Amino acid sequence: MTSTERGIAAAEAHSAHNYHPLPVVVATAEGAWVTDVEGRRYLDMLAGYSALNFGHGNRRLLDAAKAQLERVTLTSRAFHHDRFADFCTQLAELCGMELVLPMNTGAEAVETAVKTARKWGYKVKGVPDGRAKIIVADNNFHGRTTTIVSFSTDPEARADFGPYTPGFEIVPYGDLAALEAAVDADTVAVLLEPIQGEAGVLVPPPGYLAGVRELTRNRNVLFIADEIQSGLGRTGRTFACEHEGVVPDMYVLGKALGGGVVPVSAVVSSREVLGVYAPGEHGSTFGGNPLACAVALEVIAMLRTGEFQQRAAELGEHLHSELAQLAAGGAVAAVRGRGLWAGVDINPSRGTGREISEQLMARGVLVKDTHGSTIRLAPPLVISKEDLDWGLDQLRGVLEG
Ligand SMILES: *Cc1c(COP(=O)(O)O)cnc(C)c1O
């Protein structure tokens, strides 16, 4: 047995099988590259679903984390700590908003957004108690809690986890008329991914997000943008909403906010919206802890330079022109995306997404398939153009070879 085989067998023997990882056992990583237990190197073209936008082992982030590890790591929100105010102030400023409510994982931040919208609906909008409705899109991915899977349309994510939380209505993604028809007097929020990541990097039709913004403003409904995967540089802007000049009422952030070091998530909004909370009404033991704040502050500082957004825009343009050539050659059925983020629909005659992922792995490139025939490309934004081209050469080799 190789050490890879031993590692996989041991993992399978002692963990729930809620994932089907590629057969690689990573030992170390740096930048856009990971090394496995047998010393083989792979280009990481998934980047922890965008949690690793700044690459593995980013020096600035590691230094920030190490310095904070030696000072204080956890206080709970029962006490103040000296990184909290800066974190909230600077994140609010990055978002052009007023208040921050920190949590840990993305799903917790989405839950927080749902609770906030409901409370705002009752306390500010005046919706009768127990009637608040939140509109979501089909094919959404917002996390894995019982409430969130209640409004999933993915049978894998939802089946056998009921009874489901009521209060959600699902409309087709990208269909403004359907959304308009669903809004009623009890509607408190529309919750959307500005680009649907797990669905296969689906970019909505031009004008959709701007239309959602106008509709929600006119009907006194909150527009909640789940930018957990699309935000913080991935698309070539700080937020994917910016591509349509849209500012939502609330950003939901996660993944890259923790720099790939610690889980950090947050809801960011106005005083009118996040001001609905009083002490004791919501919280989290680890949310906004000193280590999380220290790492996230460094993430925010890096985003303020604009350097990563620019890299994503420039390398993204290159990525999409290369993928367009592959599509023109017939090797792939369709490509979509924005910035350094792409969904590639494999021509079924070439194999499933999983098979293509395994073939890419054999050539030293790690990607993740989704929904059978799609692979997602989301390398760290720090990837070099040479490495990106090498990764694309491997994809070409697998599809055309
Ligand atoms: C990953 C993701 C989540 C859930 O985040 P977790 O940290 O895995 O709970 C929610 N929304 C979107 C858009 C995501 O990509």
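If you're wondering where the values come from, they're calculated on a predicted model, not measured in any experiment. (Residues numbered from 1 in each chain as written. Predicted model: local features only at pLDDT ≥ 70, side-chain atom pairs only at ≥ 80, totals over all residues. Heavy atoms only, no water.)

Trainee: Explain the pairing of strand β11 (residues 332-337) to me, and be specific about the residues and the numbers.
Mentor: Of the strand pairs in this sheet, β11 and strand β12 (residues 342-346) are connected by five bridges, and their pairing is antiparallel. Paired with Val 335 across the bridge in β12 is Val 344. Between the end of β11 and the start of β12, which pair antiparallel, lie four residues, with Gly 339 showing a positive phi angle near 65°. (Pairing = 2+ DSSP bridges. Helix = DSSP H or I, 4+ residues; strand = E, 2+ residues; numbered from the N terminus.)

Trainee: Could you give me a rundown of the sheet that holds strand β6 (residues 168-171), with the residues and numbers involved?
Mentor: Strands sit in the order β4-β10-β9-β8-β7-β5-β6 across an open sheet of seven strands; the sheet is mixed. Only two strands of the sheet have a single partner each, and these edge strands are β4 (99-103) and β6. The mean inter-strand angle of the sheet, taken between neighbouring strand axes irrespective of direction, is 20°. Seen against the sheet, helix α4 (residues 84-95) touches β4, β9 (250-253) and β10 (265-269) and runs at an angle of roughly 115° to β4. Against the sheet, helix α9 (residues 208-218) engages β7 (187-192) and β8 (222-226), with an angle of about 145° to β8. (Axes fitted to C-alpha atoms, helices over the stretch in contact; angles between N-to-C directions. Contact = heavy atoms within 4.5 Å.)

Trainee: Could you give an account of the environment of Thr 235, naming the residues involved and the relevant values?
Mentor: Take Thr 235: it is sitting in the loop between β8 and β9. Take Thr 235: its relative accessible area is 3%, and that puts it in the buried class. Along the sequence, Thr 235 and Ala 342 sit 107 residues apart, while their C-alpha atoms lie 9.7 Å from each other. Those residues in contact with Thr 235 that sit more than four places away from it in its chain are Ile 195, Ser 230, Ala 240, His 243, Arg 338, Gly 339 and Trp 341. (Buried < 20%, exposed > 50% of the residue type's maximum accessible area, 1.4 Å probe, protein only.)

Trainee: Describe the nonpolar core, listing the residues and the values that go with them.
Mentor: Residues Phe 87, Leu 91, Leu 253, Val 268, Leu 323, Leu 377 and Leu 395 are the most contacted members of the largest nonpolar core, which totals 79 residues. Looking at this core, the element that brings in the most residues is helix α11 (residues 290-304), giving ten residues. Residue assignment places this core across two domains, with domain 1 (3-57 + 308-400) and domain 2 (71-304) each supplying three or more. In this structure Val 268 touches Leu 91, Ala 92, Cys 95, Met 97, Leu 99, Val 100, Asp 249, Met 250, Tyr 251, Leu 253 and Leu 274, once residues within four positions along its chain are discounted. Membership of the second largest hydrophobic core comes to 29 residues, among which are Ala 113, Phe 168, Ile 228 and Val 267. (Core = buried A, V, L, I, M, F, W, Y, C linked by side-chain atoms within 4.5 Å. Domains from an automatic or database assignment.)

Trainee: A description of helix α13 (residues 353-362) should follow, citing residues and the corresponding values.
Mentor: Residues of α13 that are buried: Gly 353, Arg 354, Ile 356, Ser 357, Leu 360 and Met 361. Considered in projection along α13, the buried side chains sweep an arc of 160° and stay on one side of the axis. The elements touched by buried residues of α13 are β3 (41-44), β12, β13 (365-366), β14 (368-370), β15 (374-377) and α14 (385-400). One or two steps after α13, the chain reaches Gly 364, where phi turns positive at roughly 90°. (Arc of directions from axis to C-beta.)

Trainee: Requested: an account of the packing of helix α12 (residues 307-328) against α14, with residues and values cited.
Mentor: Where α12 contacts α14, the axes come no closer than 11 Å and their chain directions differ by 15°. When the axis of α12 is compared with that of α14, the two are roughly parallel. Here α12 runs over α14; the crossing is right-handed. Judged by residue contacts, Leu 315, His 318, Leu 319, Glu 322, Leu 323 and Leu 326 of α12 engage Lys 385, Leu 388, Asp 389, Leu 392, Leu 395, Arg 396, Leu 399 and Glu 400 from α14. Its residues placed into classes, the contact of α12 with α14 shows eight nonpolar, one polar and five charged. (Parallel < 35°, antiparallel > 145°, perpendicular 65-115°, else oblique. Left-handed = near helix turned anticlockwise from the far one by under 90°. Nonpolar A, V, L, I, M, F, W, Y, C, P; charged D, E, K, R; others polar.)

Trainee: Before we move on, can you summarise the packing of aromatic side chains with the specific residues and values?
Mentor: Using the criterion set out here, one finds five aromatic pairs in the structure. Relative to Trp 390, the ring of Trp 33 lies with its centre 5.6 Å away and its plane at 40°, an arrangement referred to as tilted. Here Trp 390 lies in helix α14 and Trp 33 lies in strand β2 (residues 33-36), a separation of 357 residues in the sequence. A residue is classified by how much of its surface remains accessible, and Trp 390, at 31% relative accessible area, is partly exposed. Between the aromatic rings of Tyr 173 and Tyr 208, the centroid separation amounts to 5.7 Å while the plane-to-plane angle is 70°, which identifies the pairing as edge-to-face. Of this pair, Tyr 173 sits in the loop between β6 and α8 (176-182) while Tyr 208 sits in helix α9, and the two are 35 residues apart along the sequence. Given the relative accessible area of 3%, Tyr 208 is considered buried. Cation over ring: Arg 41 sits above Trp 33, and NZ or CZ is 4.5 Å from the ring centre. Arg 158 extends its terminal NZ or CZ atom over the ring of Tyr 164, reaching a point 3.7 Å from the ring centre. (Phe/Tyr/Trp six-rings, centres within 6.5 Å; stacked < 30°, edge-to-face > 60°. Lys NZ or Arg CZ within 6 Å of the ring centre and 35° of its normal.)

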